[in-house]
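# Architecture at a glance
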Amino acid sequence: MRHLVRAREHGMDCQPKVVAELGPGDSLGTGLCALLTGSDRYIALDVVPFAQRGDNVAVLLELVELIGQRASIPGSSEFPEVKPFLDDYSFPEWLDTDGRLVDVLDDPRLRLMVDELQNGPGPTPVINYLVPWFDEVRGFQSTVDWIFSQAVLEHVDDLFQTYRAMHDLLRKGGVMTHQIDFRSHSTANAWDGHRAYSELSWKLIRGRRAYLLNRLPLSAHVQIMEQSGFRIVSVDRMILTPTVVRTRLATGLGVVTETDRETSGAFVVAIKA
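Source: prediction; values computed, not measured.

Analysis parameters
- Numbering of residues begins from 1 in every chain and follows the order in which that chain's sequence is written.
- Selection of residues for local features in this predicted model requires a pLDDT of at least 70, selection of side-chain atom pairs for listing and counting requires 80 or more, and totals for whole chains, interfaces and linings are taken over all residues.
- Each side-chain value is worked out from all heavy atoms of the structure, with water and hydrogens disregarded.
- Runs of H or I in DSSP of at least four residues are treated as helices and runs of E of at least two as strands, each being numbered from the N terminus.
- The rule is simple: take the accessible area with a 1.4 Å probe, protein chains only, and divide by the maximum for that residue type; under 20% is buried, over 50% is exposed, in between is partly exposed.
- Throughout, a residue-residue contact means that at least one pair of heavy atoms, one from each residue, lies within 4.5 Å.
- Working definition of accessibility: Shrake-Rupley area with a 1.4 Å probe, residue cover restricted to the visible protein chains.
- When a carboxyl oxygen of Asp or Glu is within 4 Å of a side-chain nitrogen of Lys or Arg, the pair counts as a salt bridge.
- Nonpolar core, defined: a set of buried Ala, Val, Leu, Ile, Met, Phe, Trp, Tyr and Cys residues in which side-chain atoms within 4.5 Å join the residues together.
- Whenever a helix is involved, its axis is fitted only over the stretch in contact; in every case the axis is a line through C-alpha atoms, and angles between N-to-C directions fall within 0 to 180 degrees.
- Note that the term roughly parallel is reserved for angles under 35 degrees, roughly antiparallel for angles over 145, roughly perpendicular for angles of 65 to 115, and oblique for everything else.
- Note on convention: near helix rotated counterclockwise from far helix by under a right angle means a left-handed crossing. Clockwise means right-handed.
- When residues are sorted by character, Ala, Val, Leu, Ile, Met, Phe, Trp, Tyr, Cys and Pro go into the nonpolar class, Asp, Glu, Lys and Arg into the charged class, and all the rest, Gly among them, into the polar class.
- Strands are labelled as partners when DSSP assigns at least two bridges between them.

Along the backbone of the chain there are 9 helices and 7 strands. Seen through its principal axes, the chain has C-alpha atoms that stretch 60 × 40 × 35 Å. A total of 273 residues make up the chain; the buried ones form 51% of that total. Intrachain contacts of the chain at a sequence separation of at least 6 include 76% that bridge at least 24 residues. For the chain, the accessible surface area stands at approximately 13,300 Å², while carbon and sulfur atoms represent 52% of it.

Now the structure itself:
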């Protein structure tokens, strides 16, 4: 809902019918929330099968209750680290245009969603869980209205391939929103300390992990998005004072601007041109 609210503030169509999430992790909750607020189909894209079906049924039923109550979006007092921040965390009533949430929350649709979470997709699935997603997405090209991710793209090694794949999935004019976290993720004491490690040191820190951090700054993401065929609509930055002096920045980071150095996170809205 945070993504929808912020995208709407920037003039985006916030009633997507087909929604895809990059890197849902151990919960499909955000995608299930999209289905419960008007979307017809949810496509989860991941590299490793984290999500557990039984857990997601419990999440779904709790979301039904919260949405039925028109509960407020959890704010900074409950989740102080979750971004993007909002000016107003009340339930976005514009999601309930013409009372459509009543239809979305009816029993037949819920039974279908529960069945798919427990037993896998049926003949005409509402939920598609694609893992590893690069091998599974060809049949979905140019069908998606909105792609989003939450603190995922800082972990992706091949950003160009990833942004290009998202471009292929989106229909013309489709929207993507991404919250990107540029902090060190406990790999250093300072929030930007990971930018000071040499390539060899970083390789040793990463070890055999399938992924860690790509360490690329905001300007690199923006450049690759544009090269992949996206038009940037807005970039909302989170700012912290940099601690790593420019002369100590790792050479493998490419060009790091002064804006990059102070950007600890960003919420990006873009459309397929």
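What follows is about the pattern of salt bridges. Side chains that carry opposite charge are capable of pairing whenever their charged atoms lie near each other. Inspection of the entire model under this criterion finds 12 salt bridges. Linking D96 and R70 is a salt bridge whose minimum nitrogen-to-oxygen distance equals 2.8 Å. On the criterion of sequence distance, the pair formed by D96 in the loop between helix 3 (53-68) and helix 4 (100-104) and R70 in the loop between helix 3 and helix 4 is long-range, its members being 26 residues apart. On the basis of relative accessibility, which here comes to 18%, the residue D96 falls in the buried class. Residue R70 is classed as partly exposed on the basis of its relative accessible area, which comes to 24%. Notably, a salt bridge pairs E199 with R215, separated by 2.9 Å at the nearest N-O pair. Taken together, the residues span a long stretch of sequence, with E199 in helix 7 (residues 199-206) and R215 in the loop between helix 7 and helix 8 (218-227) at a distance of 16 residues. Overall, R215 belongs to the buried group, its relative accessible area being 5%.

Among the nonpolar cores identified, the biggest contains 32 residues, and L45, W133, Y163, M166 and M176 are the most heavily contacted of them. Those elements that provide at least two residues to this core are strand 1 (18-22), strand 2 (41-45), strand 4 (144-150), helix 6 (159-169), strand 5 (170-181), helix 8, strand 6 (230-239) and strand 7 (263-272). A per-element tally of this core places helix 6 first, with 5 residues. Those residues within four positions of L45 in sequence are excluded, and the remaining contacts are A20, E21, L22, G23, P24, L130, W133, V137 and L169. Ranked by size, the runner-up nonpolar core spans 21 residues in total, among them Y42, V57, L110 and V126.

Further remarks concern the packing of helix 6 against helix 8. Taken N-terminus to C-terminus, the directions of helix 6 and helix 8 make an angle of 45°; their axes are 9 Å apart at the nearest point. With respect to each other, helix 6 and helix 8 are oriented oblique. Every pair of crossing elements has a handedness; the one defined by helix 6 and helix 8 is right-handed. In this structure, helix 6 contributes L159, F160 and Y163 to the contact, and helix 8 contributes H221, I224, M225 and Q227. Per-class residue counts for the contact of helix 6 with helix 8 are 5 nonpolar, 2 polar and no charged.

Before going further, it helps to spend a moment on the environment of G68. Inspection of the secondary structure puts G68 in helix 3. The partly exposed category is assigned to G68, whose relative accessible area is 46%. Once the C-alpha coordinates of G68 and G193 are considered, the two residues, 125 residues apart in sequence, prove to be 44 Å apart.

With that settled, consider the sheet that holds strand 1. Pairing is mixed in the open sheet, where 7 strands are placed in the order 3-2-1-4-5-7-6. Across the chains shown, the open sheet's two edge strands, defined by having one partner strand only, are strand 3 (127-130) and strand 6. Taking each pair of neighbouring strands and ignoring which way they run, the sheet shows an average axis angle of 15°. Of the pairings in the sheet, the one linking strand 6 to strand 7 comprises 9 bridges and is antiparallel in character. Bridging across to strand 7, R231 finds its partner in I271. Lying on the sheet, helix 1 (residues 2-9) is in contact with strand 4, strand 5, strand 6 and strand 7; it crosses strand 4 at an angle near 115°. Packing against the sheet, helix 8 makes contact with strand 5, strand 6 and strand 7, and its axis sits at approximately 170° to strand 6.

Within strand 7, 10 of the 10 residues are buried, which leaves it mostly tucked inside the rest of the structure. When strand 5 meets strand 7, the two strands line up antiparallel, connected through 7 bridges. Residue pairing for strand 7: D181 is matched across the bridge by G265.

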